[in-house]
Amino acid sequence: MITLTIDRNEYPDAEAAYELGKLYVSDFRTVFKSMYPHEKQFTKLELHEPDKNDGQVYPHWHLLLDWKRQVDFVAVASMWRMGRVKVQRVENDGYDYLFKYVSKSVEDLPDWLKKRRVVRAWYASKGFFLHRPRPAKEVNDGSRDSSASRSGDLVNCGLRLPAVADYSSP
């Protein structure tokens, strides 16, 4: 897991930092993938507590990457241009806690975020949540609608997706 934070001294306005940060997170993912090829990734926007001095609420991002080998921290840190980088290895038994952590809801949203029509709070690459074998194709004998069995596929496999914060309303 990689956490990307913003240096408040370099970016004193939280809203402007968010706008620039969105672009830099995308750049970061692209550069990281070129150095450490992987297929699956998950990115989650989170907000810090309001600053004690000025009350601003700054964003930060968590990236879960399907990369199981060591990375060069100095190289990874140089990929992020806006502040600090924290790299943590997540063991298999830590994923439950991690998803609970990154999927927690947010109580008070800053005004600069409330005024937006769309906020991409999270992004998951194709297949990120699906770690299961594909079901065998059923033969349609006419007694059962095969589209119904496909539509219930995720429910029937027991996959439980984490709750995702709704940034559209407070």
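What you are looking at is a predicted structure, and each value in this text was computed from that prediction instead of being measured. (Residues numbered from 1 in each chain as written. Predicted model: local features only at pLDDT ≥ 70, side-chain atom pairs only at ≥ 80, totals over all residues. Heavy atoms only, no water.)

Visitor: Even after reading the chapter, I still don't get the sheet that holds strand S1 (residues 2-4), so can you show me in this structure?
Guide: Within a beta sheet, neighbouring strands are joined by backbone hydrogen bonds and run either parallel or antiparallel to one another. Strand order in the open sheet made by the five strands is S4-S1-S3-S2-S5, with antiparallel pairing throughout. Whereas interior strands pair on both sides, the edge strands pair on one side only; in this sheet they are strand S4 (85-87) and strand S5 (122-124). Between one strand axis and the next, the sheet turns by 15 degrees as a mean value, whatever way the strands run. In terms of strand pairing, strand S2 (residues 41-47) meets S5 through three bridges, oriented antiparallel. (Pairing = 2+ DSSP bridges. Helix = DSSP H or I, 4+ residues; strand = E, 2+ residues; numbered from the N terminus. Axes fitted to C-alpha atoms, helices over the stretch in contact; angles between N-to-C directions.)

Visitor: When you look at the pairing of strand S3 (residues 59-65) in this model, what are you seeing that I'm missing?
Guide: Successive side chains on a regular strand alternate, one facing one side of the sheet and the next facing the other. For S3, a buried count of seven out of seven residues is recorded, marking the element as mostly surrounded by other parts of the structure. Side chains of S3 alternate between two faces, with Pro 59, Trp 61, Leu 63 and Leu 65 and His 60, His 62 and Leu 64 buried alike. The pairing of S1 with S3 spans three bridges and is antiparallel. When the sheet's bridge partners are listed, Ile 2 is paired in S3 with Leu 63. (Buried < 20%, exposed > 50% of the residue type's maximum accessible area, 1.4 Å probe, protein only.)

Visitor: How do you make sense of the pattern of salt bridges when you look at a structure like this?
Guide: Where charged atoms from two side chains of opposite charge come close, those side chains can pair. Taken as a whole and judged by the stated rule, the model has seven salt bridges. A salt bridge links Glu 19 to Arg 116; the shortest N-O distance between them is 2.2 Å. With Glu 19 in helix H1 (residues 14-35) and Arg 116 in the loop between helix H4 (111-114) and S5, this residue pair connects regions lying 97 residues apart in the sequence. Across the pair Arg 81 and Asp 27 runs a salt bridge, and its minimum N-O distance is 2.9 Å. Within this pair, whereas Arg 81 is found in the loop between helix H2 (73-79) and S4, its partner Asp 27 is found in helix H1, the two being separated by 54 residues in sequence. We classify Arg 81 as partly exposed; its relative accessible area is 47%. Taken together, the shared-partner salt bridges in this structure form one network comprising Glu 15, Glu 19, Lys 22, Lys 115 and Arg 116. (Salt bridge = Lys/Arg side-chain N within 4 Å of Asp/Glu carboxyl O.)

Visitor: Is there a simple way to think about a nonpolar patch on the surface in this case?
Guide: Residues Phe 73, Val 74 and Val 87 make up a contiguous nonpolar surface patch of about 270 Å² in total accessible area. Looking at the secondary structure, you find Val 87 in strand S4. Under the relative-accessibility criterion, Val 87 is labelled partly exposed at 33%. (Patch = residues over 30% accessible without salt bridge, like charges linked within 9 Å, V, L, I, M, F, W, Y side chains within 5 Å. Areas by Shrake-Rupley, 256 points an atom, 1.4 Å probe, with all protein chains shown as cover.)

Visitor: How should I be thinking about the environment of Thr 43 in this particular structure?
Guide: The residue Thr 43 is located in strand S2 in this model. A relative accessible area of 4% places Thr 43 in the buried class. Between the alpha carbons of Thr 43 and Tyr 123 there is a distance of 5.0 Å; along the sequence they are 80 residues apart. Other than its neighbours up to four places away in sequence, Thr 43 contacts Val 25, Arg 29, Trp 61, His 62, Leu 63, Ala 121, Trp 122 and Tyr 123. A polar side-chain atom of Thr 43 sits 3.2 Å from a polar atom in the side chain of Arg 29. (Contact = heavy atoms within 4.5 Å. Polar contact = N/O pair within 3.5 Å; in protein donor to acceptor, adjacent residues only side chain to side chain.)

Visitor: Explanation requested: the packing of aromatic side chains in the structure shown.
Guide: Ring pairs (aromatic) are described by centroid distance and by the angle formed between their planes. Per the counting criterion, the structure on display carries six aromatic pairs. Taking the centre distance of 6.2 Å and the plane angle of 20 degrees together, the rings of Phe 28 and Phe 32 count as stacked. Here Phe 28 and its partner Phe 32 are both found in helix H1, four residues apart, which amounts to about one turn of the helix. Residue class for Phe 32 comes out buried when judged on its relative accessible area of 3%. An angle of 85 degrees between the planes, with centres 6.5 Å apart, marks the rings of Phe 28 and Trp 80 as edge-to-face. Note that Phe 28 is positioned in helix H1 and Trp 80 in the loop between H2 and S4, a separation of 52 residues in sequence. For the pair formed by Phe 28 and Trp 80, the shared burial category is buried. An aromatic cluster is built from Phe 28, Phe 32, Tyr 36, Trp 61, Trp 67 and Trp 80, whose rings are joined through pairwise contacts. The cationic tip of Arg 81 hangs over the ring face of Tyr 24; the distance from NZ or CZ to the ring centre is 4.0 Å. (Phe/Tyr/Trp six-rings, centres within 6.5 Å; stacked < 30°, edge-to-face > 60°. Lys NZ or Arg CZ within 6 Å of the ring centre and 35° of its normal.)

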